[in-house]
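# Residue-level structural notes
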Amino acid sequence: MLNVLLVGIAPVDCVQIFSLHGLVPQLACSLMTICEVFGSCVPKVSWTLPTGEDISAHAVFSNAFALLLKLWRFNHPPLEHGVGDVPPVGSQFTPEYLLLVRNSHLISSSANIIHSDPCKKRLASVASSSSPKPIFVDSFPKLKVWYRQHQACIASTLSGLVHGTPVHQIVDGLLNMMFRKIHNISSSPSVTSVTSGSSCSSGGGNEDMCVRPKLPAWDVLEAVPFVVDAALTSCAHGRLSPRELCTGLKDLADYLPASLATIVSYFSAEVTRGVWKPVFMNGTDWPSPAANLSNVEEQIKKILAATGIDVPSLVAGGSSPATLPLPLAAFVSLTITYKLDKASQRFLNLAGPALESLAAGCPWPCMPIVASLWTQKAKRWSDFLIFSASRTVFLHNNDAVVQLLKSCFTAILRQNLAPLSRNGGVSALLGHGFGSHFYGGISPVAPGILYLRVYRSVRDITFLRDEIISLLMICVRETASSSAAISTERLENLKKSKNGMRYGQVSLATAMTRVKLAASLGASLVWLSGGLALVQSLIKETLPSWFLSVHRSEEEDEDGSTVVAMLGGYALAYFAVLCGAFAWGVDTSLSAAKRRPKILGPHLEFLASALDGKISLGCNWATWRAYVSGFLSVMVACTPTWVVELDVEVLKRLSKGLRRWDEEELAFALLKVGGIATMGVAAEFIIESKSI
């Protein structure tokens, strides 16, 4: 019954449902318990189902372990959400993190906290009903040992296997099981006999069952990295053929399906180290992608071209032979040996994302080669595989990323009449997915959808931040030029007009709407790409540097320079406030709001110092004035909580600077929102205004 339940909730759709209900931490805690118990059992008894599937302690453990690894995003690339060239300390969804979230629900329940949110109340009730005490990783010693070994395998090459130890004996026993017809593969110069736990009678019987050791799953997982390392090394030195290597690895995975996770971990680490020589995928030693590689590459070019992206150097090498790094070649060869049935699907779902991320990180065209091999295996997956391969272009080519970002802005602003963006707006940005409706291939993919699938692969997200600002300014200039270069005199007339006079088919109000739309998209992209860290660096470092610098584009503007500068300032103001709202929220409900004064305070200090004349700016004066007035106006109207958190002296200086610009209404509103601390200054402001 337990195994049936584990198999039933294993599909990705079920995992998503658990995630939507916030039950992933609870499920992970339960799975850890199941893994700890069944992974310590020796599989002495097994049952065969009518479907032909064998049920044993190994099977239950493997199903629970595979599901657990899905929950903490085991297969995601290690550089996800890294800022610049600095990788993060660790992934957010680690086993420790999931248990801490579960314990936080338990604490809130035991503290009798009254939850206004029904979801939090329900989660607290679930946590208290499962176990009344907090649970930590130390409660699962076997899992903890494996997890530490997994981290060590990623950090450095394998070491620590001592001859004669129980682990060494298990390693040799597994090698004997995998390569029982070959006698030159071992973890050491001498091949030891199979461990006592794997002995069998000398009578007749199934040979496979005889050589399979009867060992707890955790003991097997501890030995698997050394087993795979010995096998891969032997293949690299010619003592083991590629076919024998893949057959042996498949035997290991069939013996303990959960070992595929450790195989994935080892191959992932070795591919990123780059110490293995490439092998030729010639169809003799390794499977060949030649049958459809050129077609896959052509389809990739079509997908990118339909989204407005042109990468001339996409196809490299022409007729050069296809090669893959040895660990990646072994990995993809292992995966294509699996049958496409429900039993194998659970474990292919575990290996698939890792295979994709590894191939994407290798030099082009490794990913098209992998996609070609799997397209030959499963033709019904060809659309998805080719689309996945097309995403890796952005990992290897920053110019393609810039073109994709530009396509996003173009789509939402309706700057051209291409079929993809004829309607403009969100529908053009996100589209309707992808399918096989484009000249016998894949239909055009909306740029927003494509970006949602590739942004995790872009490691230099500071590059994205700078490009988004640059594209935002380009959108401003294009919007201003489409307004028929409204002159300063016409601008004043337009401000006084009651019916919104139009010049060149576009009014100033329409231009402002388009600028705000572009700023909203830019802020969304920044927040999506880099999260809190990127937003903080934007407001604390990038924007002040931008205002201090001289921009060539501003010097080149002629008749419409005032309009362009003003629209640019308002665009940056709206962009900055939205980025801050995404990161910190508009009030104090988010935990990240505690960091807001530390970032927003220095930024407002910069504004005040520039207003006081203490800082010399390099940008256009109209841009600066529009940014200051726009930023403070939006902050007063939409995020008054931010104003209350600011230093009173800074608010006073900002208010005085605004009054010097004759922005008295905004100056008073800023002091009014400032609360009790600014009441005295506000009163003085009123008295001075009446006396004048």
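Residues numbered from 1 in each chain as written. Predicted model: local features only at pLDDT ≥ 70, side-chain atom pairs only at ≥ 80, totals over all residues. Heavy atoms only, no water.

### Describing the side chain of Asn3
- Of note, Asn3 is situated in helix α1 (residues 2–8).
- With near-sequence residues (within four places) excluded, Asn3 lies in contact with Ile55, Ala59, Val60 and Asn63. (Helix = DSSP H or I, 4+ residues; strand = E, 2+ residues; numbered from the N terminus. Contact = heavy atoms within 4.5 Å.)

### Digging into the packing of aromatic side chains
- Within the structure shown, the criterion is met by 16 aromatic pairs.
- Considering the side-chain rings of Trp546 and Phe547, the 5.4 Å spacing of their centres and the 85° angle between planes classify their relative orientation as edge-to-face.
- What makes Phe547 buried here is its relative accessible area of 0%.
- On the basis of an interplanar angle of 50° and a centroid distance of 4.5 Å, the ring pair of Phe547 and Tyr627 is categorised as tilted. Residue Phe547 is located in helix α24 (residues 508–548), and its partner Tyr627 is located in helix α28 (residues 621–638); the two are separated by 80 residues in the primary sequence. (Phe/Tyr/Trp six-rings, centres within 6.5 Å; stacked < 30°, edge-to-face > 60°. Buried < 20%, exposed > 50% of the residue type's maximum accessible area, 1.4 Å probe, protein only.)

### Thoughts on the nonpolar core
- Formed by 204 residues in total, the largest nonpolar core has its most connected members in Phe65, Phe575, Trp624, Tyr627 and Phe631.
- Per-element tally for this core: the top contributor is α24, with 18 residues.
- Those residues in contact with Phe631, other than ones at most four positions away along the chain, are Ala573, Ala576, Val577, Leu600, His603, Leu604 and Leu607. (Core = buried A, V, L, I, M, F, W, Y, C linked by side-chain atoms within 4.5 Å.)

### Looking at the confidence of the model for the protein
- In this model, the protein carries a mean pLDDT of 80, and residues with pLDDT of at least 70 account for 78%.
- Every residue in residues 77–91 is under pLDDT 50, and counting partners more than four places away or in other chains gives 19 contacts.
- Contacts from residues 188–207, a stretch scored under 50 in pLDDT, to residues over four places away or in other chains number 29 contacts. (pLDDT = per-residue confidence, 0-100.)

### Let's talk about a nonpolar patch on the surface
- On the surface, a nonpolar cluster with roughly 230 Å² of combined accessible area is contributed by Val426, Leu430 and Leu452.
- Among the secondary structure elements, Leu430 is positioned in helix α20 (residues 425–430). (Patch = residues over 30% accessible without salt bridge, like charges linked within 9 Å, V, L, I, M, F, W, Y side chains within 5 Å. Areas by Shrake-Rupley, 256 points an atom, 1.4 Å probe, with all protein chains shown as cover. Salt bridge = Lys/Arg side-chain N within 4 Å of Asp/Glu carboxyl O.)

### Looking at the pattern of salt bridges
- Enumeration according to the criterion identifies twelve salt bridges in this entry.
- Close ionic contact of Lys144 with Asp138 constitutes a salt bridge, the shortest N to O distance being 2.5 Å.
- Classification of Lys144 as partly exposed rests on a relative accessible area of 29%.
- Given a relative accessible area of 56%, Asp138 falls into the exposed group.
- Look at the salt bridges and you will find they share partners, linking Glu605, Asp612, Arg653 and Arg660 into a network.

### Considerations on the environment of Phe575
- Along the chain, Phe575 falls in helix α26 (residues 561–584).
- Linking Phe575 and Ile469, residues 106 residues apart in sequence, is a C-alpha distance of 9.1 Å.
- Each residue touching Phe575, except ones within four places of it in the same chain, is listed here: Ile468, Ile469, Leu472, Ala519, Gly522, Ala523, Val526 and Leu538.

### Details of helix α21 (residues 447–454)
- Looking only at α21, the buried set comprises Pro447, Gly448, Leu450, Tyr451 and Val454. In an axial view of α21, the angular spread of the buried residues amounts to 160°, which keeps them on one side of the axis. (Arc of directions from axis to C-beta.)

### What to know about helix α15 (residues 342–361)
- A rise of 1.5 Å per residue sets the reference length of α15, with its 20 residues, at 28 Å; its end C-alpha atoms lie 29 Å apart and thus fit the reference within 8%.
- Considering bend angle alone, the principal kink of α15 is centred on Leu348 and spans about 35°.
- Every buried residue belonging to α15 is among Ser344, Arg346, Phe347, Leu348, Leu350, Ala351, Ala354, Leu355, Leu358, Ala359 and Ala360, and all of these are buried.
- Elements in contact with the buried residues of α15: α1, α4 (57–71), α12 (259–273), α14 (326–335), α16 (366–377) and α18 (393–396). (Expected span 1.5 Å × (residues − 1). Bend = angle between axes of the 7 residues up to and from the residue.)

### Quick look at the packing of helix α8 (residues 166–178) against helix α10 (residues 217–236)
- Axis separation between α8 and α10 bottoms out at 8 Å; the angle between their running directions is 65°. The chirality of how α8 crosses α10 is right-handed. Contacts from Val167, Ile170, Val171, Leu174, Leu175 and Met178 in α8 reach Asp219, Val220, Glu222, Ala223, Phe226, Val227 and Ala230 in α10.
- For the contact of α8 with α10, the per-class residue count stands at eleven nonpolar, no polar and two charged. (Axes fitted to C-alpha atoms, helices over the stretch in contact; angles between N-to-C directions. Left-handed = near helix turned anticlockwise from the far one by under 90°. Nonpolar A, V, L, I, M, F, W, Y, C, P; charged D, E, K, R; others polar.)

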